[in-house]
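Each chain is listed here by its residues.
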Amino acid sequence: MKTYIDLHIHSTASDGTFSPTEIVNKALKLTEKDSPVVIALTDHDTVAGIDEFQKAAAKHKDRLTAISGLEISTDYHGVEIHVLGYNIDIHNKELLDRLAVCRESRDGRNEKIIQKLQEQGFKISMDEIKPDKPGETIARPHIAKLLMKKKYVSSVQEAFDKYLAEGRCCYVERIMPTPEEAIHLIKNSGGIPVLAHLMLYKKLDSSQKEALIRELKEAGLIGIETYYNTYTPVEQEYVAGLAKQWGLIETGGTDFHGQNKPHISLFTGQGEMEIPQKVLENLKY
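Cut-off values and rules
- Residues numbered from 1 in each chain as written.
- Predicted model: local features only at pLDDT ≥ 70, side-chain atom pairs only at ≥ 80, totals over all residues.
- Heavy atoms only, no water.
- Axes fitted to C-alpha atoms, helices over the stretch in contact; angles between N-to-C directions.
- Helix = DSSP H or I, 4+ residues; strand = E, 2+ residues; numbered from the N terminus.
- Left-handed = near helix turned anticlockwise from the far one by under 90°.
- Contact = heavy atoms within 4.5 Å.
- Nonpolar A, V, L, I, M, F, W, Y, C, P; charged D, E, K, R; others polar.
- Expected span 1.5 Å × (residues − 1).
- Buried < 20%, exposed > 50% of the residue type's maximum accessible area, 1.4 Å probe, protein only.
- Polar contact = N/O pair within 3.5 Å; in protein donor to acceptor, adjacent residues only side chain to side chain.

*Asks:* I tried to follow the packing of helix H7 (residues 206-219) against helix H8 (residues 233-246) on my own but got confused; where do I start?
*Replies:* What describes two packed helices is the angle between their axes and the distance between those same axes. Contact geometry for H7 and H8: axes closest at 11 Å, N-to-C directions at 35°. Along this stretch, H7 crosses H8, giving a crossing that reads as right-handed. Of the residues in H8, those touching H7 at Ser206, Lys209, Glu210, Ile213, Arg214 and Lys217 are Tyr238, Leu242 and Trp246. Looking at the contact of H7 with H8, its residues break down into four nonpolar, one polar and four charged.

Right, here's the structure in full:
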């Protein structure tokens, strides 16, 4: 019997559009009846959605396994690198304290982005940005939606491409931990640190990517995301080779964000992705 797996999912606790409960329900609806399902909630720099996620999953424990996770944004010599954490203790004080600093940085960043947009002539304000659901973290996608609502752009993607993405006129950096610090936080909370979507780091060439992995392995990295929704077969094989070379476990996920990335579906990514059951062999859950 097929096991449905997706270990990279975002909810309204960060920048997704489905609540943790809705993600559980959607995962069950998309899969064959009685088939095992393993999903991980990996919101950006927060564990705020985990309690709800686990409570919703507990109602379906006969076939659904819910892994508590997160995705920490880090600064690697000026390049934003993401580190996933699995099976974390969401009550670990050191982790929660550091994530609070990350959120404060994100909030201040939002205000600076709005200010830059105002300087560009856009008539918008922070007061106009409303979360789609209670408790939802305000982030760049919300600003993009406001720009679209006011008809300054035709889509969220256009807002990022023209104004909000790194290198664009209204982009604002934020304070982030180093990858080594993220690995420490995850391991200290009992979790498994995994390097996310290596091939998305376009600023790093092959030798720099391998240097990154070497440094993070020395810092305690346990795994690497080998299966990802945008990877070509060649990229996937390359990452799998690095995993073998450095003794890292392989994981995989779609990076599901709901309607903020409508072209990405749970379990299948952009339509043809399939995460093999072998990724669960070394992932304690």
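*Asks:* Just checking my understanding: could you explain the environment of Asn260 for this structure?
*Replies:* Mapped onto the elements, Asn260 comes out in the segment after strand E7 (249-253). As a C-alpha pair, Asn260 and Thr17 span 243 residues in sequence and 6.6 Å in three-dimensional space. Beyond its immediate stretch of four places on either side in the chain, Asn260 contacts Asp15, Gly16, Thr17, Pro141 and Lys145.

*Asks:* Quick question: what am I supposed to make of the side chain of His197 here?
*Replies:* Note that His197 resides in the loop between strand E5 (192-195) and H7. Ignoring sequence-local partners within four residues, the contact set of His197 consists of His8, Glu71, His82, Glu225, Tyr228, Tyr231 and Asp255.

*Asks:* What should I look at first to understand helix H3 (residues 93-119) in this one?
*Replies:* Three- or four-residue spacings in an α-helix give side chains the same orientation, since the helix completes a turn every 3.6 residues. For H3, built from 27 residues, the straight-helix expectation of 39 Å at 1.5 Å per residue is met to within 8% by its first-to-last C-alpha distance of 40 Å. Of the residues making up H3, those classed as buried are Leu95, Leu99, Cys102, Ser105, Arg106, Arg109, Asn110, Ile113, Ile114 and Leu117. Residues of H3 that are buried make contact with strand E3 (64-76), helix H4 (140-149), helix H5 (156-164) and helix H6 (179-188). Here H3 starts with a cap whose side-chain oxygen sits 3.3 Å from the backbone nitrogen of Glu94, and that cap is Asn92. The first or second residue beyond H3 is Gly121, which carries a positive phi of 105°.

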